[in-house]
2 protein chains.
Amino acid sequence: MSDAISPLASPFPALPPIAGVTPRVARAHYKSWDRCDLTYVELAEGTAVAGVFTRNVCCSSEVEIGREQVKAGVARALIVNAGNANAFTGYRGREAVEAIMAQVGAHLGCAPAQVFVSSTGVIGVPLPRDKAQAGVAAALTAPACGWEDAARTIGTTDTFPKGATATAIVGGRKVTLSAIIKGSGMIAPDMATMLGYIFTDAAVAPAFLQQMLSAAGAETFNCITVDSDTSTSDTVLAFATCKAGHTRLDSFDSPGADAFAAALHDVCRQLAHLVVRDGEGAQKFIAITVTGAVSDASARIIGLAIANSPLVKTAIAGEDANWGRVVMAVGKAGQPADRDRLSIGFGGIWAARDGQPLPDYDEAPVTAHLKGSDIAIAVDLGLGDGRATVWTCDLTHGYIAINADYRS
Amino acid sequence: MSDAISPLASPFPALPPIAGVTPRVARAHYKSWDRCDLTYVELAEGTAVAGVFTRNVCCSSEVEIGREQVKAGVARALIVNAGNANAFTGYRGREAVEAIMAQVGAHLGCAPAQVFVSSTGVIGVPLPRDKAQAGVAAALTAPACGWEDAARTIGTTDTFPKGATATAIVGGRKVTLSAIIKGSGMIAPDMATMLGYIFTDAAVAPAFLQQMLSAAGAETFNCITVDSDTSTSDTVLAFATCKAGHTRLDSFDSPGADAFAAALHDVCRQLAHLVVRDGEGAQKFIAITVTGAVSDASARIIGLAIANSPLVKTAIAGEDANWGRVVMAVGKAGQPADRDRLSIGFGGIWAARDGQPLPDYDEAPVTAHLKGSDIAIAVDLGLGDGRATVWTCDLTHGYIAINADYRS
């Protein structure tokens, strides 16, 4: 964890334990730091798993292996290494992951393929197998810890630990989701990563869990951006221990499936927002809502073009209602847009409508909105029913300081 | 012109006059500044014209009209307004452009459609028609000026005037190209723009001039990026007055066509580099060469993904040979790439080859290279023969200061 906490940080919430889930932490000494850096989560037999991964084609061995593992849908353990991303490390990196999987599998008496591994930190340095195996050995016998300890242990350049929780009633039973995530910018000071883990006692078929997680991820994790860069290791896994005692959810036809899907979506949205709130140098949390696009997909592309525009992000940092930069970003997105139907607003107030500045536009309330820490940008394209919301943070001197100045 | 000159600035070159081309400047007082802000270039009868324009769909009326005008291939005059981009101004913006075209057309006795107009500056404010017409009237009767005066007059937030020249032998005659350009970042402090104008005495058929300009632009203007943002007004026009006395170039079968095309490409490359050298906050000029891609187009997309990555750009600002960030940018480009065949180098020295850090990698000469102002990044994908070079600048506190701090 960094010393300077993000001004957008949220306190760590009260995360309930999940039946069938036991987190433990230990020191693998991946870096010369005085902290736990290896997280081990033991999962009860019968735990279903689903995952969403980075689309970066230069992904780590952990991601390559994880993509294969989730197809079987069964998990018994999770190991997270912090301090070394093990990306761009060739066969030696892969061998280290396989050694961890074998070690944990032998301890639990399960197939190594049921042991999930993630790594985050510096890239280009193979994960040191000796440190990893000693760290795992320590973690396997460590006492159980709380969620906040686990959230701190998976963190690297994060400035605060991040957790989220939600509940739903399924088949007359309360099911609980507790989740942790790490991430702040895509790299800092070397390759950082978004790693998120969601644990629930709900009983869910793996294929249906994957379906719900993919859908929620598309509208949450895939709708945030700090700096447009995509890590080689991004991973979100959902584990369902099936301990809540209700009939298993197999599809949206199962009673309670809608309630569980809504709770899962809620947790994903909370986690995604927390990553943005720890964005490198972030001073403002920005929600961009695009309506009137030709499709939801088109709205999302336009929203991300705005969210990734350095000129929009610096304007917000400067508390400047510079709607011209938003127009520019809409236009460069390459999606259907009609300049003469385009409307732009800030904080619920339209600055421009139908392609022209509003003649009676009063900038004072907009300027007041921009002085706050939570900023809303609205774009209406006037073409169709497509809509999307994306989230980002502003681009500040803090980002440059974190990413350019650390070698000086 | 700004007071603080870019550390990457080049002195204005000795630009020869072009037969049939007469530049003049005047004051339209678009802003409350003490400088000329309206440029008028008179072109001899028989001048051929070609153009390349922004792909931003929220483009200005000037761009919309210009795209139609170049189809006829004939030009008699160019007007450039600095201080007001006239973008996102609806029908009132368009009427102001049409008024200028009519006014100059009446003066020269030509069709208004042969008068080309560009505007750059603040957006969302319709070009004031009275100021424009008074400025044009003053320019029409002003004395001829030199290229450097014209280059300064089309500038807005540029920190130095930009010009380029080249010659070629065509049909035994020397032909000359003289060109000016403005641009520095895509917006600063409001919507800025890249506007470039190339003048030559060569005799070229309009369609062939367009063919050569489009090809050169694809490898020059479309291979530079300062901040990934695309202006609503970007325009490059090439005017050929046909005064050099050689047989007209109609295709690459015409004698001398290759030489002229090479000179045109050279001028376009010079102009494109000058824009990067005036990039907002730029301290380093970065050339990124991608080889071994599956196609040239794929190489260009990968090159631009690297050039647009805030994390790569801040690493270069920090003089940090952070090849991991380059790997990340390659992977996120969405193009064919094989992590285990990828090689990354700086200043002619490979840091990683075939997906792994070089065991004998010596960072010292790379660090020395990164302390210079001209940085070379090499990426080899090891897949095919596709290659491209793109150019960008680093991302510094200066960029944030220019784009976020000016309202404070």
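Residues numbered from 1 in each chain as written. Chains lettered and ligands numbered in written order. Predicted model: local features only at pLDDT ≥ 70, side-chain atom pairs only at ≥ 80, totals over all residues.

A. Quick look at the overall build of chain A. Counting its secondary structure elements, chain A contains eleven helices and 15 strands. Taken against the 2.2 N^0.38 rule, which gives 22 Å for 408 residues, the C-alpha radius of gyration of chain A at 22 Å falls within 12% of a compact globule. Principal axes of the C-alpha set define a box for chain A whose edges measure 70 × 60 × 35 Å. Burial analysis of chain A (408 residues in total) assigns 62% to the buried set. Across chain A, every contact between residues at least 6 apart in sequence was considered, and the portion connecting residues at least 24 apart equals 80%. (Helix = DSSP H or I, 4+ residues; strand = E, 2+ residues; numbered from the N terminus. Rg over C-alpha atoms; globule rule 2.2 N^0.38 Å. Buried ≥ 20, exposed ≤ 12 C-beta atoms within 10 Å, placed from the backbone. Contact = placed C-beta atoms within 7 Å.)

B. Here's a closer look at the domain arrangement of chain A. Residue and element names in this part refer to chain A. Considered domain by domain, chain A is made up of domain 1 (21–277) and domain 2 (285–404). Between the C-alpha centres of domain 1 and domain 2 the distance comes to 33 Å. Of all the elements in the fold, those that place two or more residues in the side of domain 1 that touches domain 2 are β8 (224–225) and α6 (257–277). Broken down by element, the residue count for the side of domain 1 that touches domain 2 peaks at four residues, all from α6. Of the residues belonging to the side of domain 1 that touches domain 2, the class tally is six nonpolar, three polar and one charged. (Domains from an automatic or database assignment. Nonpolar A, V, L, I, M, F, W, Y, C, P; charged D, E, K, R; others polar.)

C. Examining the pairing of strand β2 (residues 38–53) of chain B more closely. All names here are of chain B. Pairing of strand β1 (residues 21–26) with β2, which is carried by six bridges, proceeds in the antiparallel orientation. Bridge pairing links V25 to T39 in β2. The sheet contact formed by β2 and strand β3 (residues 74–84) spans seven bridges and is antiparallel. Bridge pairing in β3 links Y40 to I79. (Pairing = 2+ DSSP bridges.)

D. Looking closely at helix α2 (residues 90–108) of chain A. All names here are of chain A. In this model, α2 (19 residues) spans 28 Å end to end at C-alpha, consistent with the 27 Å of a helix rising 1.5 Å per residue. Listing the buried residues of α2 in full gives G93, A96, V97, I100, M101 and V104. Each buried residue of α2 lies within a common arc of 135° when the element is viewed along its axis, so the set occupies one face. The outward face of α2, more than 90 degrees from its buried face, is lined by the exposed residues Y91 and A106. In this structure, the buried side of α2 is in contact with α1 (61–72), β3 (74–84), β4 (115–122) and α3 (129–140). In the segment just after α2, G109 is the residue with positive phi, at about 70°. (Expected span 1.5 Å × (residues − 1). Arc of directions from axis to C-beta.)

E. Structural detail: the environment of P7(B). All names here are of chain B. Inspection of the secondary structure assignment puts P7 in the segment before β1. Of the residues examined, P7 has 13 C-beta atoms within 10 Å and is grouped as partly exposed. Between the C-alpha atom of P7 and that of H369, which follows or precedes it by 362 residues, the distance is 17 Å. In contact with P7, not counting residues within four places along its chain, are Q283 and S373.

F. Inspection of the packing of α2(A) against α3(A) at higher detail. All names here are of chain A. Across the interface, α2 lies against α3 with an axial gap of 10 Å and an inter-helix angle of 25°. When the interaxial angle is binned, α2 and α3 end up roughly parallel. Both α2 and α3 take part in a crossing whose hand is right-handed. Mapping the contact onto sequence places A96, A99, I100, Q103, V104 and H107 in α2 and R129, A132, Q133, V136 and L140 in α3. Class assignment of the residues belonging to the contact of α2 with α3 gives a composition of seven nonpolar, three polar and one charged. (Axes fitted to C-alpha atoms, helices over the stretch in contact; angles between N-to-C directions. Parallel < 35°, antiparallel > 145°, perpendicular 65-115°, else oblique. Left-handed = near helix turned anticlockwise from the far one by under 90°.)

G. Broad picture of unusual backbone geometry. Residue and element names in this part refer to chain B. The phi dihedral of H29 falls on the positive side, at around 55°, and the residue is not glycine. Mapped onto the elements of the fold, H29 is located in the loop between β1 and β2. For N86, which is not glycine, the phi torsion reads 55° and is therefore positive. Relative to the assigned elements, N86 resides in the loop between β3 and α2 (90–108).

H. Main features of helix α9 (residues 323–332) of chain A. A large share of α9(A) lies buried, amounting to ten of its ten residues. After α9(A) finishes, the residue G334(A) shows a positive phi value of roughly 75°.

I. Examining the sheet that holds strand β11 (residues 343–346) of chain B more closely. Residues and elements named next belong to chain B. Spatially, the seven strands line up as an open sheet ordered β8-β15-β10-β14-β11-β12-β13, and their pairing is mixed. Every interior strand has two partners, whereas the edge strands, β8 (224–225) and β13 (356–357), have only one. Two strands pair when backbone bridges link them, and β11 and strand β14 (residues 374–380) are joined in this way by four bridges, in the antiparallel orientation. Looking at the pairing, F346 lines up with I377 of β14.

J. Representation of the nonpolar core within the structure. Core analysis: the largest hydrophobic core is formed by 283 residues, its most contacted members being I79(A), I306(A), V330(A), I79(B), I306(B) and V330(B). Top element by residues in this core is helix α6 (residues 257–277) of chain B. It accounts for twelve residues. Sequence-distant contacts of V330(A), that is, excluding residues within four places in its chain, are made with I302(A), I306(A), A337(A), L342(A), V379(A) and C58(B). (Core = buried A, V, L, I, M, F, W, Y, C linked by C-beta atoms within 7 Å.)

K. Broad picture of the sheet that holds strand β10 (residues 285–293) of chain A. Residues and elements named next belong to chain A. Taken in spatial order, the seven strands of this open sheet run β8-β15-β10-β14-β11-β12-β13, and their pairing is mixed. Each having just a single partner strand, β8 and β13 (356–357) make up the two edges of the open sheet. Here two bridges tie strand β12 (residues 349–353) to β13, and the two strands are oriented antiparallel to one another. Bridge pairing in β13 links A352 to P357. This element, helix α7 (residues 296–307), spans β8, β10, β14 (374–380) and β15 (386–393) of the sheet and lies at about 25° to β15.

L. The arrangement of the pairing of β3(B) in detail. All names here are of chain B. Across the eleven residues that make up β3, a large majority, ten, are buried. The pairing of β3 with strand β4 (residues 115–122) spans eight bridges and is parallel. When the bridges of β4 are listed, A77 appears paired with V115. You can see the chain leave β3, run along α2 and come back into β4, and the turn it takes is right-handed. (Right-handed = clockwise from strand over helix to strand, strands pointing away.)

M. Inspection of the packing of helix α5 (residues 206–219) of chain B against α6(B) at higher detail. Residues and elements named next belong to chain B. Where α5 contacts α6, the axes come no closer than 9 Å and their chain directions differ by 40°. When the axes of α5 and α6 are compared, the pair comes out oblique. Remark: the crossing between α5 and α6 carries right-handed chirality. Of α6, the residues touching α5 (which contributes M212, L213, A216 and G217) are A261, L264, H265 and C268. Looking at the contact of α5 with α6 residue by residue, the class counts come to six nonpolar, two polar and no charged.

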